[in-house]
Amino acid sequence: MSTAQIVVTLLGIGAVAWINWYFFLAEAPEVAAAAGVDGPQRARIEVKGGYSPAVVRVRAGRPVRLEFYRDETSGCTEEVVLPDFGIRTFLPPYRTTPVEFTPVRAGSYEFTCGMGMVRGRVIAEAPAADGGERP
């Protein structure tokens, strides 16, 4: 094997490792949804090569409104899918599209693009025992 072949092989292995880290292992920015008194908990998510923030913390048992702003025309992100809630919604470019649901139980709920490559997560936390907000 020549030096050039070894270099190309190592670059290919590095590219595969980076892609796997980026899509499956990288820590995503996280935000807590703004809690309305009577209305839904809200969070704005920018869609541009990924979701930002990619993790949204909410309280279980209360309505949630995620407002997706798609700041690109990439075909991969033209849909958002929340399989646990049976939601599949088209996201027009350069517009905000609300998606509403209620996580009845505490848990982690994934959302993805229509192709399943771009991922985010809603973490629904149980209300505090005293009914107050968790830190």
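Let us look at the structure shown here. Predicted model only: the values in this text are computed from it and were never measured. (Residues numbered from 1 in each chain as written. Predicted model: local features only at pLDDT ≥ 70, side-chain atom pairs only at ≥ 80, totals over all residues. Heavy atoms only, no water.)

**Concerning the overall build of the protein chain**
Within the protein chain, the secondary structure is distributed over one helix and ten strands. What you see in the protein chain, going N to C, is helices and strands ordered as α-β-β-β-β-β-β-β-β-β-β. Against the compact-globule benchmark of 14 Å for 135 residues, the protein chain has a radius of gyration of 18 Å, which places it well outside the compact range. Each of the three principal axes of the protein chain carries a C-alpha extent, and together these read 65 × 35 × 20 Å. Out of the 135 residues in the protein chain, the part that is buried amounts to 33%. Once local pairs closer than 6 in sequence are excluded, the contacts in the protein chain between residues at least 24 apart make up 54%. Put simply, the protein chain shows about 8200 Å² of open surface, and 58% of that area lies on carbon and sulfur atoms. Of the charged side chains in the protein chain, 14 are positive and 15 negative; the average position of the first set lies 2 Å away from that of the second. (Helix = DSSP H or I, 4+ residues; strand = E, 2+ residues; numbered from the N terminus. Rg over C-alpha atoms; globule rule 2.2 N^0.38 Å. Buried < 20%, exposed > 50% of the residue type's maximum accessible area, 1.4 Å probe, protein only. Contact = heavy atoms within 4.5 Å. Areas by Shrake-Rupley, 256 points an atom, 1.4 Å probe, with all protein chains shown as cover. Lys, Arg positive; Asp, Glu negative; His and termini not counted. Charge placed at Lys NZ, Arg CZ, Asp CG, Glu CD.)

**Some thoughts on the state of the cysteines**
A complete count under the given rule lists zero disulfides for this structure. Cys 76 takes part in no disulfide bond, and the closest cysteine sulfur, belonging to Cys 113, lies 3.4 Å away. Note on Cys 113: relative accessible area 1%, which makes it buried. (Disulfide = S-S within 2.5 Å.)

**A closer look at a nonpolar patch on the surface**
A contiguous nonpolar patch, built from Met 1, Ile 6, Leu 10 and Ile 13 and spanning about 460 Å² of accessible area, is present on the exposed surface. Checked against the element boundaries, Ile 6 lands in helix H1 (residues 3-25). Of the residues examined, Ile 6 reaches a relative accessible area of 39% and is grouped as partly exposed. (Patch = residues over 30% accessible without salt bridge, like charges linked within 9 Å, V, L, I, M, F, W, Y side chains within 5 Å. Salt bridge = Lys/Arg side-chain N within 4 Å of Asp/Glu carboxyl O.)

**Comments concerning the sheet that holds strand S2 (residues 41-47)**
With respect to topology, four strands assemble into an open sheet ordered S3-S2-S5-S8, the strand pairing being mixed. Of all the strands in the sheet, the pair left with one neighbour each is strand S3 (51-52) and strand S8 (96-101). The pairing of S2 with strand S5 (residues 64-70) spans seven bridges and is parallel. Each bridged residue has a counterpart across the sheet, and for Glu 46 the counterpart in S5 is Tyr 69. (Pairing = 2+ DSSP bridges.)

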